[in-house]
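# Chain and residue survey
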Amino acid sequence: MDKKQEYFDSIGDNWDRDLTAEDLERLAHIIDKVNIPQGVSVCDLGCGTGVLFDLLRRRVGETGYIVGVDFAPQVAHRAQRNFPFHNIGVVEADACCMPFKDNTFDLVISFAAFAHFSHKDETIRQANKILKPGGKIIIIHLVGRTELSRQHHQVGGPIDRDELPDAHELEEMFNRGHFSRYELTDKKDLYLATGFKE
Ligand SMILES: C[S@@+](CC[C@H](N)C(=O)[O-])C[C@H]1O[C@@H](n2cnc3c(N)ncnc32)[C@H](O)[C@@H]1O
């Protein structure tokens, strides 16, 4: 196991507790705007212990399904244990190397995780492959890029240098990953990136 996996396994539960009611409300509001229809399939990258699962489950309904992906074994195990529903699955894998067939998901979503991915280019490419045509990837952090880098630097250790791509880097990443269009909001209290697959 690498240092980051060990790190996230060791803080899995604390991270959940640090999310405030306001954070959860903002998150719900963002997810509402994404407009997720009933019956769709969603992949949650860096799902942690499943903070997004409940929000997503209410939207996809009984006929849709959610698959969380996390590379920290204990975190992935906890996510699966917390949500023993027939339409929620958790896979222990690195986001850059997921064991899914092409054109599987309508939506790939990643909350508070993308900055930590060590292989962002490959992750974006993989996300494009596993998305169905017309699908999209949404990357959410509840702080902007500059503030997030400051926070990670302050925490130090294996996440010391974990940062988000700036607008130019993101555009290049999405281009290389074959997304046809992208949108980015990067302000003090929000980083929201969306990539659209044609
Ligand atoms: C800050 S936590 C956020 C977890 C969850 N999205 C939430 O909001 O509660 C970041 C998560 O990303 C996972 N992670 C980091 N790098 C990863 C990678 N390369 N592949 C898969 N998961 C990764 C960590 O194990 C951790 O659970």
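Provided above is the structure to which this section pertains.
Calculation criteria
Residues numbered from 1 in each chain as written. Predicted model: local features only at pLDDT ≥ 70, side-chain atom pairs only at ≥ 80, totals over all residues. Axes fitted to C-alpha atoms, helices over the stretch in contact; angles between N-to-C directions. Helix = DSSP H or I, 4+ residues; strand = E, 2+ residues; numbered from the N terminus. Parallel < 35°, antiparallel > 145°, perpendicular 65-115°, else oblique. Left-handed = near helix turned anticlockwise from the far one by under 90°. Contact = placed C-beta atoms within 7 Å. Nonpolar A, V, L, I, M, F, W, Y, C, P; charged D, E, K, R; others polar. Core = buried A, V, L, I, M, F, W, Y, C linked by C-beta atoms within 7 Å. Buried ≥ 20, exposed ≤ 12 C-beta atoms within 10 Å, placed from the backbone.

In this section: the packing of helix H5 (residues 120-130) against helix H7 (residues 167-176). At their nearest, the axes of H5 and H7 sit 8 Å apart, and the two run at 45° to each other. On the basis of their axis angle, the class for H5 and H7 is oblique. The handedness of the crossing between H5 and H7 is right-handed. Of H7, the residues touching H5 (which contributes Lys 120, Asp 121, Ile 124 and Arg 125) are Met 173, Phe 174 and Arg 176. Across the contact of H5 with H7, the residue classes break down as three nonpolar, no polar and four charged.

In this structure, Val 42, Cys 43, Ile 66 and Val 108 are the most contacted members of the largest nonpolar core, which totals 48 residues. If sequence neighbours within four positions are ignored, Val 42 has contacts with Leu 56, Val 60, Ile 66, Phe 105, Asp 106, Leu 107 and Ile 109.

Let us look at the environment of Leu 19. For Leu 19, the position within the fold is in the loop between helix H1 (3-18) and helix H2 (21-34). Note on Leu 19: 15 C-beta atoms within 10 Å, which makes it partly exposed. It is 22 Å that separates the C-alpha atoms of Leu 19 and Ile 88, two residues lying 69 residues apart in sequence. With residues near it in sequence (within four places) discarded, Leu 19 still touches Leu 24 and Val 51.

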